[in-house]
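Listed below, chain by chain, are the residues.
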2 protein chains.
Amino acid sequence: MSIKWTGSGPELLLRVDRNRPEPLREQLEGALRESIRAGRLAAGERLPSSRALARDLGVSRGLVTECYAQLQAEGYLVTRGGSATRVAAAARPPVDAQSPPAALAGPTAPVGIDFRPGVPDLSSFPRERWSRALRRACRDVPSDLLGYGDPYGDPMLRDVLAAYLRRVRGAAADAAHTVVCAGYAQGLQLVLRALAGEGVRVVAVENPGDPDHRVAAATAGLDIVAVPVDEHGVDTGALAATGARAVLLTPAHQSPTGVVLAPGRRQALIAWAVARDATIVEDDYDAEFRYDREPVGALQGLAPDRVVLLGSVSKSLAPALRLGWILCPPRLSAGVARQKRLADRGSPVLDQFALADLVRSGHYDRHLRHMRTRYAVRRAALVDALGRYAPEVEVRGLAAGFHAVAQLPPGTDERAVVEAARRRSVALYGISGYLLDPPERRASPARLVLGFGNLTPDAISDGIAAVADLLRGG
Amino acid sequence: MSIKWTGSGPELLLRVDRNRPEPLREQLEGALRESIRAGRLAAGERLPSSRALARDLGVSRGLVTECYAQLQAEGYLVTRGGSATRVAAAARPPVDAQSPPAALAGPTAPVGIDFRPGVPDLSSFPRERWSRALRRACRDVPSDLLGYGDPYGDPMLRDVLAAYLRRVRGAAADAAHTVVCAGYAQGLQLVLRALAGEGVRVVAVENPGDPDHRVAAATAGLDIVAVPVDEHGVDTGALAATGARAVLLTPAHQSPTGVVLAPGRRQALIAWAVARDATIVEDDYDAEFRYDREPVGALQGLAPDRVVLLGSVSKSLAPALRLGWILCPPRLSAGVARQKRLADRGSPVLDQFALADLVRSGHYDRHLRHMRTRYAVRRAALVDALGRYAPEVEVRGLAAGFHAVAQLPPGTDERAVVEAARRRSVALYGISGYLLDPPERRASPARLVLGFGNLTPDAISDGIAAVADLLRGG
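Treat the numbers as computed from the prediction; the structure is a model and nothing was measured.

(A) Seen up close, the relation of the copies chain A and chain B. Mapping chain A onto chain B is achieved by rotating through 180 degrees and translating by 0.0 Å along the same axis, at an RMSD of 0.1 Å. Within this description, the copies of the chain are treated as partners about a two-fold rotation axis. Looking at the interface residues of chain A, 99% of them are also at the interface in chain B, so both copies use one shared face.

(B) Spotlight on the sheet that holds strand β14 (residues 394–396) of chain A. All names here are of chain A. With antiparallel pairing, the three strands of this open sheet are ordered in space as β14-β15-β17. One side of each edge strand has no neighbouring strand; the edge strands of this open sheet are β14 and β17 (447–451). In this sheet, neighbouring strand axes are inclined to one another by 30 degrees on average, regardless of whether the strands run parallel or antiparallel. Pairing of β14 with strand β15 (residues 403–407), which is carried by three bridges, proceeds in the antiparallel orientation. Bridging across to β15, valine 395 finds its partner in alanine 406.

(C) Summary view of the packing of aromatic side chains. Scanning the model with the defined rule gives 10 aromatic pairs over all chains in all. In this structure, arginine 345 of chain A is placed above the aromatic ring of tyrosine 148 of chain A, and the distance from its NZ or CZ to the ring centre is 4.1 Å.

(D) The arrangement of the domain arrangement of chain A in detail. Residue and element names in this part refer to chain A. Assigned domains within chain A: domain 1 (24–98), domain 2 (113–121 + 366–471) and domain 3 (126–361). Here the C-alpha centre of domain 3 lies 26 Å away from the C-alpha centre of domain 2. Listed per partner, the contact involves 27 residues of domain 2 and 31 residues of domain 3. Taken together, the two surfaces of domain 2 and domain 3 that pack against each other cover about 2,400 Å², and 63% of this comes from carbon and sulfur. At the junction of domain 2 with domain 3, the criterion picks out zero salt bridges.

(E) Inspection of the pairing of strand β7 (residues 202–207) of chain B at higher detail. Residues and elements named next belong to chain B. In terms of residue burial, β7 counts as a mostly covered element, since five of its six residues are buried. Bridging between β7 and strand β8 (residues 223–230) involves six bridges; their strand directions are parallel. Residue pairing across strands places valine 205 opposite alanine 226, the latter belonging to β8. Alignment of β7 against strand β10 (residues 246–249), held across two bridges, turns out to be parallel. Of the residues in β10, the one forming a bridge with valine 205 is leucine 248.

The rules we used
- Residues numbered from 1 in each chain as written.
- Chains lettered and ligands numbered in written order.
- Predicted model: local features only at pLDDT ≥ 70, side-chain atom pairs only at ≥ 80, totals over all residues.
- Heavy atoms only, no water.
- Least-squares fit on C-alpha atoms with pLDDT ≥ 70 in both.
- Contact = heavy atoms within 4.5 Å.
- Pairing = 2+ DSSP bridges.
- Helix = DSSP H or I, 4+ residues; strand = E, 2+ residues; numbered from the N terminus.
- Axes fitted to C-alpha atoms, helices over the stretch in contact; angles between N-to-C directions.
- Phe/Tyr/Trp six-rings, centres within 6.5 Å; stacked < 30°, edge-to-face > 60°.
- Lys NZ or Arg CZ within 6 Å of the ring centre and 35° of its normal.
- Domains from an automatic or database assignment.
- Buried area = accessible area lost by both parts, 1.4 Å probe.
- Salt bridge = Lys/Arg side-chain N within 4 Å of Asp/Glu carboxyl O.
- Buried < 20%, exposed > 50% of the residue type's maximum accessible area, 1.4 Å probe, protein only.

Structural data, given as structure tokens:
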């Protein structure tokens with residue numbers, strides 16, 4: 001049943017249909033709201049009497065009265081005394097209601113083979129195991145843990161993580177000073193804010209390094225100062241010269257150069273932190289995947305009162321889980337937990353239960369061992385493909401993780417290589433995106449950061465073959 | 001096998017045991033790390049030769065050599081040229097390694113019956129349904145969505161939420177301007193930061209209101225100004241007088257007074273926002289649970305370009321899920337999504353899939369209907385118990401949600417009532433905890449905010465009976 005109804009404005013079509021699943025009242029309310037919002041019913045316009053509208057639509061008068069009362073309660077309609085119901089003045093259409101939705105992302109060329117660094121093998125996510133762990137979590141979680149939880153995180157998971165990090169990362173982990181977070185990006189925000197609360201104003205970062213660090217620091221109210229990375233890791237002399245009292249590092253596998261922090265540098269860093277009363281924020285990036293030896297223990301284990309250790313399951317399981325941890329120096333843990341409470345009142349409890357289950361049962365270890373083998377094969381495929389198709393290219397940073405740095409022949413134009421490869425549907429990433437120096441001061445040779453974690457050996461080989469002439473500087 | 005070994009420091013006990021599940025090398029490494037960290041092996045101290053230690057422990061020399069190399073790579077040990085291996089200078093024990101862990105919470109008396117507001121019935125969480133939805137999510141999620149996702153949230157969930165909010169909340173919801181977040185607290189942070197980015201400096205808040213709002217605003221770099229709430233909701237005249245260009249409201253069921261925002265106030269608010277180019281942040285608190293009529297549609301539907309709608313599953317499913325949504329005015333959505341990206345790079349994908357499944361299948365609606373009935377029974381139990389045991393108490397704010405405000409007889413000392421009740425294991429919450437005025441300016445009568453969502457009818461009745469003499473002003 002529908003009516004065409006001409007008020008002072010444009011013709012209005014109201015439709016209700018007994019064959020649709022929604023109740024008639026809901027249909028009529030929706031139609032009126034929509035008409036008011038879209039401006040088809042203008043502010044001040046008088047509505048038909050409930051009796052007239054009910055008759056025209058073939059519905060009960062009570063239904064129309066309820067409808068009008070509802071929309072009046074919501075502020076769409078006004079009824080003053082015994083006079084007619086009118087469209088409220090406030091219910092004007094939004095200015096840009098008709099504009100198309102904002103583009104959510106810029107246009108991008110289609111990518112066939114994507115060497116994006118930092119993405120693990122997404123197809124290896126242990127769906128069945130995780131699903132089972134979640135099922136157990138849903139079954140076993142006590143009801144009183146389904147409310148607003150401990151901002152530090154679930155105590156059981158913190159115990160399990162602390163034990164795991166002591167065993168596998170050589171960390172001096174104490175569950176009381178472990179805070180569960182939503183992955184690395186959040187962990188970093190919480191720590192930077194807690195440091196800002198302690199009076200820190202400047203944080204030193206690695207250069208080249210993660211380009212997001214500048215905006216992450218700014219959001220926490222901090223400035224950054226860039227410290228160069230050489231083949232032994234961050235330059236500790238240059239760090240000391242900055243006067244900064246906090247530094248953000250990726251010791252296990254520097255992002256992006258792939259360098260492992262050298263033993264002497266580790267000691268120099270700790271000595272610096274102790275002498276300056278400074279804090280080292282250790283991003284335990286790629287720590288789980290080391291090929292030539294056992295993973296090097298975390299810096300945190302050397303000086304737990306000076307080092308914050310940030311870790312996550314983004315590389316070990318999947319980024320989409322958004323779960324991580326922060327081992328805090330005792331003085332900092334309350335501040336970090338306070339920031340976590342402000343940020344989101346604590347991480348989801350069922351996911352925390354599932355992770356505790358996975359680690360405790362040994363599946364997490366087994367999965368890591370399995371992935372280490374898998375990444376070793378992909379790493380070999382990259383070395384092999386580069387050796388075969390582009391032997392001029394020097395590869396570095398392969399001791400750990402799942403990205404490497406390819407140094408292109410002298411004189412190669414990094415940006416031109418990236419753009420030409422993109423036209424062949426191969427996504428490459430130049431190191432210049434990681435350089436914090438102003439472009440005019442850069443004299444860095446052309447280098448590519450090649451992520452191979454989420455590519456099959458065949459895709460790696462095909463991808464390198466497809467752009468080999470570009471890599472050779474051709 | 002173990003050795004007692006006396007260096008220049010205290011006697012050292014190193015133990016390895018072939019019957020333990022960990023490999024011998026891991027045991028020895030762990031024991032050495034622990035001894036260095038605890039100061040039992042002091043900086044500079046010389047370690048036994050690998051040959052001697054291997055002999056004493058009954059392990060291969062290679063194992064000890066590997067162990068030393070690992071700890072050297074980690075910075076615990078130093079080996080210079082051909083000389084002996086020593087404990088590194090940097091590896092000093094943390095200053096407060098021996099101090100007990102910080103207390104995580106202050107001492108609290110045991111609580112038998114807790115009238116804490118804002119907690120839903122945790123025992124009604126649909127474990128089985130949610131578990132099934134998660135299982136389907138684990139099975140169905142495409143691998144490429146397991147990486148770093150869209151900071152706006154999963155597009156499918158945003159479509160489902162927008163349709164749901166249009167249908168159930170009368171919202172003018174557009175998936176393109178919907179951002180998924182980790183519950184209300186995070187949503188508010190993201191919005192306040194985005195508003196600060198637009199030049200907003202002061203946000204008006206309801207008084208009484210959530211005491212967390214002051215610190216939430218401060219974290220986003222904003223000041224707050226308190227606006228009184230009367231029996232029709234927030235005082236719009238007082239709001240206009242503040243000069244603020246943003247206001248944070250709970251129109252559906254004011255927290256804590258329980259007032260529903262009156263139609264005239266709704267229109268005055270929209271008129272104010274349009275005239276001042278201001279933003280209304282609508283916390284859709286308790287909106288799902290209305291007892292005397294259908295839920296009143298969201299203010300957002302009246303003016304989607306002026307109102308941000310914040311909602312979550314904390315009241316409808318469980319706070320522990322940490323899932324919510326933000327309907328943004330089009331101009332604000334990119335800024336909110338940018339803040340979400342900085343905060344945690346997007347919410348967990350599997351949880352988003354599960355929520356989309358629950359809403360799409362109709363289980364979410366059915367659960368809400370079921371809970372509305374359940375809360376109506378608890379609400380009746382509260383009214384009944386107060387009527388029976390403390391008829392002097394006036395109850396307000398019962399039109400929606402699962403908390404009410406009990407006004408105590410004149411002259412009652414609110415704090416004394418709360419403290420005396422606590423000694424009887426009944427947790428009550430006075431309105432004074434929600435007042436933003438300085439204490440010396442408060443002339444508010446004694447009121448209690450009684451949450452009944454997470455209490456059985458019997459517990460409600462028993463709780464009120466146990467403190468009835470206190471409520472009667474006795």
